[in-house]
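Observations on chain architecture
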Amino acid sequence: MQSVAMLATWGLDVEEVRQHVYDAPHPRERERWHALWLFGQGWSQVQIAQALGHDAHTIGTWLEAFRQQGPVGLQFVAHGGAPPSSAQRNKPP
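Here goes a summary of the coordinates provided.

Let us now look at the nonpolar core. Ranked by size, the top nonpolar core spans 20 residues in total, and within it Leu7, Trp33, Leu36, Ile48, Ile59 and Phe66 carry the most contacts. Within the residue set of this core, elements represented by two or more residues are helix 1 (2-9), helix 2 (14-23), helix 3 (27-40), helix 4 (45-52) and helix 5 (56-69). Broken down by element, this core gets its largest block of residues, five residues, from helix 3. Every residue in contact with Ile59, bar those within four places of it in the chain, is listed here: Ala35, Gln45, Ile48, Ala49 and His54.

Counting through the fold element by element, Arg32 comes out in helix 3. Comment: no salt bridge for buried Arg32; closest opposite-charge side chain is Glu31, at 6.3 Å. Residues within four places of Arg32 in sequence aside, it is in contact with Trp62, Leu74, Gln75 and Phe76.

Orientation of helix 3 relative to helix 5, taken along the N-to-C sense of each, is 85 degrees, at an axis distance of 10 Å. In terms of orientation, helix 3 lies roughly perpendicular with respect to helix 5. Contacts between helix 3 and helix 5 involve Glu31, Arg32, Trp33, Ala35, Leu36 and Phe39 on the former and, on the latter, Ile59, Trp62, Leu63 and Phe66. For the contact of helix 3 with helix 5, a count of residues per class yields eight nonpolar, no polar and two charged.

Following the sequence through the fold, Val17 ends up in helix 2. Separated by 16 residues in sequence, Val17 and Trp33 have C-alpha atoms that sit 6.5 Å apart. Beyond its immediate sequence surroundings of up to four residues, Val17 is in contact with Leu7, Leu12, Trp33, Leu36 and Trp37.

Scanning all chains against the criterion turns up two aromatic pairs. Site record: aromatic cluster; members linked through ring pairs are Trp10, Trp33 and Phe66.

As a further point, take the environment of Leu52. One can find Leu52 in helix 4. Setting aside residues up to four positions removed in sequence, Leu52 forms contacts with Glu31, His34, Ala35 and Leu38.

For helix 1, the full list of buried residues reads Ser3, Met6 and Leu7. Viewed along the axis of helix 1, the buried residues span an arc of 100 degrees, placing them on a single side of the element. Structural note: helix 1 exposes Gln2 and Thr9 on the side pointing more than 90 degrees away from its buried face. Against helix 2, helix 3 and helix 5 lie the buried residues of helix 1. Directly beyond the C-terminal end of helix 1, a positive phi value near 70 degrees is found at Gly11.

Cut-off values and rules
Residues numbered from 1 in each chain as written. Predicted model: local features only at pLDDT ≥ 70, side-chain atom pairs only at ≥ 80, totals over all residues. Heavy atoms only, no water. Core = buried A, V, L, I, M, F, W, Y, C linked by side-chain atoms within 4.5 Å. Buried < 20%, exposed > 50% of the residue type's maximum accessible area, 1.4 Å probe, protein only. Helix = DSSP H or I, 4+ residues; strand = E, 2+ residues; numbered from the N terminus. Contact = heavy atoms within 4.5 Å. Lys, Arg positive; Asp, Glu negative; His and termini not counted. Salt bridge = Lys/Arg side-chain N within 4 Å of Asp/Glu carboxyl O. Axes fitted to C-alpha atoms, helices over the stretch in contact; angles between N-to-C directions. Parallel < 35°, antiparallel > 145°, perpendicular 65-115°, else oblique. Nonpolar A, V, L, I, M, F, W, Y, C, P; charged D, E, K, R; others polar. Phe/Tyr/Trp six-rings, centres within 6.5 Å; stacked < 30°, edge-to-face > 60°. Arc of directions from axis to C-beta.

Below, the structure written as structure tokens:
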């Protein structure tokens, strides 16, 4: 199975991935591990996307990040949010 081989490349099995679902420090990261766990169970990207309420392309991006980078690829990194609106930028102090 392709998914099991991908996990094994990074020294993980399906049960260890399941534990990451519970242990990940951020909800978005837990969701990514959940997607990987479902993939390890034989679910397709489309099935995972439907179950988690995401686009299949997003799921594919997460799986590819894991394939290339391992667990680091699933980490959530906050980017600081959207820039302030022009009205806020032009407001006098």
